[in-house]
Amino acid sequence: MKPLRLAFKLLAAFLLLVVLLVGAGVVLVNTKAFQQRVLRQTTQMLSERLQTQVSIDSVDIRFMAQQLRLYGLHVADQQQRPLLTVRQAGVDVDISELLGIKFTIKDVELSGARALLLKPSKDSVSNFQFIIDAFKKQPKAKRDTTVAPRKRIQFDIHSVRLNDIQVTYNQLSLQLAQALIKGRKGKYQAQAQLQLATDNHKPRKNAGKPKRGFFDVGHLNVTCHFKAAIDATEKDTLRFNLSELQARDSITGIDIRNLQAQVRLAGKKLLLNNVQVQQKHTQLHIAHAAMQLPSKRDSIPLSFSTGPIAGTVYLQDISRAFAPVLSKFTLPLQLSCTMSGNQDVLSFRQVKVGTADKRLSIAATGDITNLKSKEKLTVLFHVNRMTAKSGIKERIISQFPVKRLMMAQLHNLGNISYVGSFRVIRKEERFWGTLGTAVGSLKFQFWLDERNKYVVGNASTRKLHFGKVMGMKDVGPLAAKADFKIDISKPRTAAMRRKLGGKLPIGAVNATIDDCSYKGVHVRNVAVIVNSNGAEATGDVIQRGNWRDISCSFSFTDTNQMHKLKVSRGRMKFHKMSDEAKQAKRERKEARKAERQAKREAKKAEKAAKKAEKSKKSRFCFFSANYLQLSNIFRIFAPI
């Protein structure tokens with residue numbers, strides 16, 4: 001019994017010693033002196049490794065509670081500028097399953113963090129690159145295949161709390177007011193409030209330009225709130241179910257009331273499904289989309305494509321950000337299209353725009369190219385079909401804060417259709433195509449010269465009821481072509497109107513009328529020249545002949561009262577026939593001669609054909625008569 005009792009005493013003494021040592025260790029770890037010593041050694045090791053100044057005000061280690069708190073972390077960059085400061089950071093862990101190769105982090109807290117990240121230019125080195133280099137993984141040595149690989153520790157994070165975090169990268173500032181991520185085993189619920197701001201220390205791009213929108217990448221102040229479910233249970237795949245997102249910038253005009261989407265990130269591919277976007281009035285739905293994220297290492301460029309995009313669009317919702325002229329555009333438009341592109345091109349296909357009552361209908365395709373070059377940026381769209389029924393034209397124009405000129409003439413066009421294209425290059429917009437109306441069709445081409453502020457173009461028609469358009473009953477259909485140039489400079493036109501008044505467009509028109517009728521009399525080869533100073537339009541009508549020109553002058557002050565057109569007495573001027581006219585006369589004479597010769601040849605050929613036909617018929621009759629006579633003779637002598 002004595003040996004057994006002695007063994008129990010020794011075991012009890014050993015256990016007591018272990019408890020005393022563990023207790024002493026726990027007490028030692030929890031003492032401020034020990035923690036400060038560990039703190040000094042840690043900061044010294046980090047300073048030596050990073051070759052910069054690193055300091056920590058204090059730490060609080062509670063071994064029994066399995067908690068670690070850090071206060072006042074300061075890290076400077078290699079130019080001794082503040083790179084990172086943290087007011088407080090804490091971690092609560094559970095090491096009970098550490099022997100099972102599992103490490104549970106019950107809570108992570110970070111508050112009062114500030115990071116200043118700088119990279120002055122593309123070719124320069126960022127001020128945080130030295131930290132990446134210091135902790136870069138060294139190339140792994142060849143592993144001994146005969147030895148079984150060690151199992152990796154599995155981490156399970158239950159919650160992450162972030163408060164008052166601010167990260168500045170050059171001109172971009174991201175401020176996270178608060179964020180909370182909760183969950184376990186790879187499935188989490190997240191919500192956050194953050195603010196994204198930029199300031200390039202330059203005037204806004206729309207400064208002194210009232211027609212330009214407030215959107216400016218160099219001046220943003222977006223407040224954002226979102227909620228999402230995160231699933232990281234699959235290997236190399238991350239899933240987000242974004243249930244709520246609001247983003248607003250009151251100055252710029254960004255106002256996303258809600259954004260919902262299902263997102264899956266697999267490697268370098270981002271896949272989206274069932275995307276819902278809602279602004280104040282606009283609602284859009286994107287069935288699905290895919291994006292290939294860029295990779296310099298693998299030489300993979302950025303690219304994306306979408307499925308059908310459909311919804312109701314109110315252009316008023318984007319007016320402040322991009323086009324103040326649309327601030328009163330409250331007409332709802334139905335939109336559907338698909339999109340694709342890369343870092344240099346955006347493509348729009350199967351574009352359909354219209355109103356719910358089908359009074360406006362547009363089908364088009366288009367591309368925006370040279371996205372990287374401000375000078376070469378090009379927008380090109382082809383309108384395959386457009387129809388606008390009577391009434392919708394006036395309603396669309398009423399959505400714009402512009403002077404309503406020649407509205408009566410627009411109404412007289414009736415239903416219109418259009419097939420053509422438009423192209424926008426820096427400081428120039430060009431339109432061309434065929435316009436069909438209830439009173440005739442018109443081919444046109446014009447462009448807006450934004451540098452000199454003019455609308456310049458030309459138009460032609462084979463048959464247009466011009467009298468119906470202008471309210472001039474005596475003028476019949478015309479075939480004509482014309483060149484025009486209209487002044488759209490506000491300073492120039494405003495000065496002219498202050499001086500002369502008036503509501504007419506300011507510009508000039510040079511037209512050639514190939515055929516027209518006036519009070520039942522047809523006229524051809526008529527030149528019309530019109531010049532308008534805004535208050536009065538004056539012009540000349542000239543019919544040129546070989547030996548004489550007949551002309552008259554006219555003037556008017558209101559396009560809605562063309563019946564009050566003032567016409568001067570006609571003039572006639574005789575002149576010698578020009579060389580060009582003589583040559584044209586000779587050519588017409590030769591053409592008429594050739595035409596008469598062709599007619600004679602045709603008549604002669606027709607006469608010969610008739611004669612040949614008649615001869616053929618006579619031969620047939622002769623042989624038919626002889627055949628009958630022979631038949632009768634055969635019948636007579638057959639009995640004999």
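**A word on the nonpolar core**
Item 1. Among the nonpolar cores identified, the biggest contains 35 residues, and L413, I513, V528 and F556 are the most heavily contacted of them.
Item 2. Elements with a minimum of two residues in this core: β20 (378-388), β21 (416-425), β24 (454-464), α7 (466-470), β25 (475-487), β26 (506-518), β27 (521-533) and β29 (548-556).
Item 3. Contacts of L413, omitting those with residues within four sequence positions, involve T437, A438, V439 and V469.
Item 4. The next biggest cluster of nonpolar side chains, apart from the first, holds 17 residues, and it includes L70, L73, F130 and A192.

**Describing the layout of surface pockets**
Item 1. The calculated volume of the second largest pocket comes to roughly 340 Å³.
Item 2. For the second largest pocket, the lining is made up of 15 residues, of which L46, L50, L73, V75 and L84 are closest to its centre.
Item 3. Taken together, the elements giving at least two residues each to the lining of the second largest pocket come down to α2 (32-50), β1 (54-62), β2 (67-76), β3 (82-94) and β4 (102-117).

**What to know about the side chain of R69**
Item 1. For R69, the location among the structural elements is in strand β2.
Item 2. Residue R69 is classed as buried on the basis of its relative accessible area of 14%.
Item 3. A distance of 3.0 Å separates the side chain of R69 from the side chain of D92, its partner in a polar contact.
Item 4. Excluding residues that lie within four positions of it along the chain, R69 makes contacts with S58, V59, D60, Q88, A89, G90, V91 and D92.

**Quick notes on a nonpolar patch on the surface**
Item 1. Judged by side-chain polarity, F215, V217, I318 and F322 come together as a nonpolar surface patch covering roughly 360 Å² of accessible area.
Item 2. Structurally, F322 is set in helix α4 (residues 319-322).

**Looking at a positive patch on the surface**
Item 1. A contiguous patch of positive charge, built from K585, R588, K589, R592, K593, R596, R600 and K604, is present on the exposed surface.
Item 2. In this fold, K589 is placed in helix α9 (residues 579-637).
Item 3. Classification of K589 as exposed rests on a relative accessible area of 57%.

**A short note on unusual backbone geometry**
Item 1. For H201, which is not glycine, the phi torsion reads 55 degrees and is therefore positive.
Item 2. Inspection of the secondary structure assignment puts H201 in the loop between β8 (187-199) and β9 (219-231).
Item 3. Look at H201 and you get exposed, because its relative accessible area is 69%.
Item 4. Positive phi, close to 55 degrees, is recorded for N525, a residue that is not glycine.
Item 5. Within the secondary structure layout, N525 lies in strand β27.
Item 6. In this structure N525 comes out as partly exposed when scored by relative accessible area, which is 45%.

**Description of the pairing of strand β15 (residues 303-306)**
Item 1. For strand β14 (residues 283-292) and β15, the ladder comprises four bridges, and the chain directions are antiparallel. Following the sheet pairing, A290 is matched in β15 by S305.
Item 2. Note: β15 against strand β17 (residues 333-342), three bridges, orientation antiparallel. Opposite S303, over in β17, you have N342 as the bridge partner.

**Description of the pairing of strand β7 (residues 172-184)**
Item 1. As judged from the ten bridges shared by strand β6 (residues 159-169) and β7, these two strands associate in the antiparallel manner. When the sheet's bridge partners are listed, R161 is paired in β7 with L180.
Item 2. Hairpin remark: β6 followed by β7, antiparallel, with two residues in the connecting loop; positive phi at N170, about 50 degrees.
Item 3. By the bridge criterion, twelve bridges tie β7 to β8 in an arrangement that is antiparallel. Looking at the pairing, Q175 lines up with Q195 of β8.

Rules and cut-offs
- Residues numbered from 1 in each chain as written.
- Predicted model: local features only at pLDDT ≥ 70, side-chain atom pairs only at ≥ 80, totals over all residues.
- Heavy atoms only, no water.
- Core = buried A, V, L, I, M, F, W, Y, C linked by side-chain atoms within 4.5 Å.
- Buried < 20%, exposed > 50% of the residue type's maximum accessible area, 1.4 Å probe, protein only.
- Helix = DSSP H or I, 4+ residues; strand = E, 2+ residues; numbered from the N terminus.
- Contact = heavy atoms within 4.5 Å.
- 1 Å grid on protein atoms, 1.4 Å probe; cavity = no way out; pocket = protein on both sides within 12 Å on 5 of 7 lines; lining within 4 Å.
- Points joined across faces, edges and corners; volume = space filled by probe spheres on them.
- Polar contact = N/O pair within 3.5 Å; in protein donor to acceptor, adjacent residues only side chain to side chain.
- Patch = residues over 30% accessible without salt bridge, like charges linked within 9 Å, V, L, I, M, F, W, Y side chains within 5 Å.
- Areas by Shrake-Rupley, 256 points an atom, 1.4 Å probe, with all protein chains shown as cover.
- Salt bridge = Lys/Arg side-chain N within 4 Å of Asp/Glu carboxyl O.
- Lys, Arg positive; Asp, Glu negative; His and termini not counted.
- Charge placed at Lys NZ, Arg CZ, Asp CG, Glu CD.
- Pairing = 2+ DSSP bridges.

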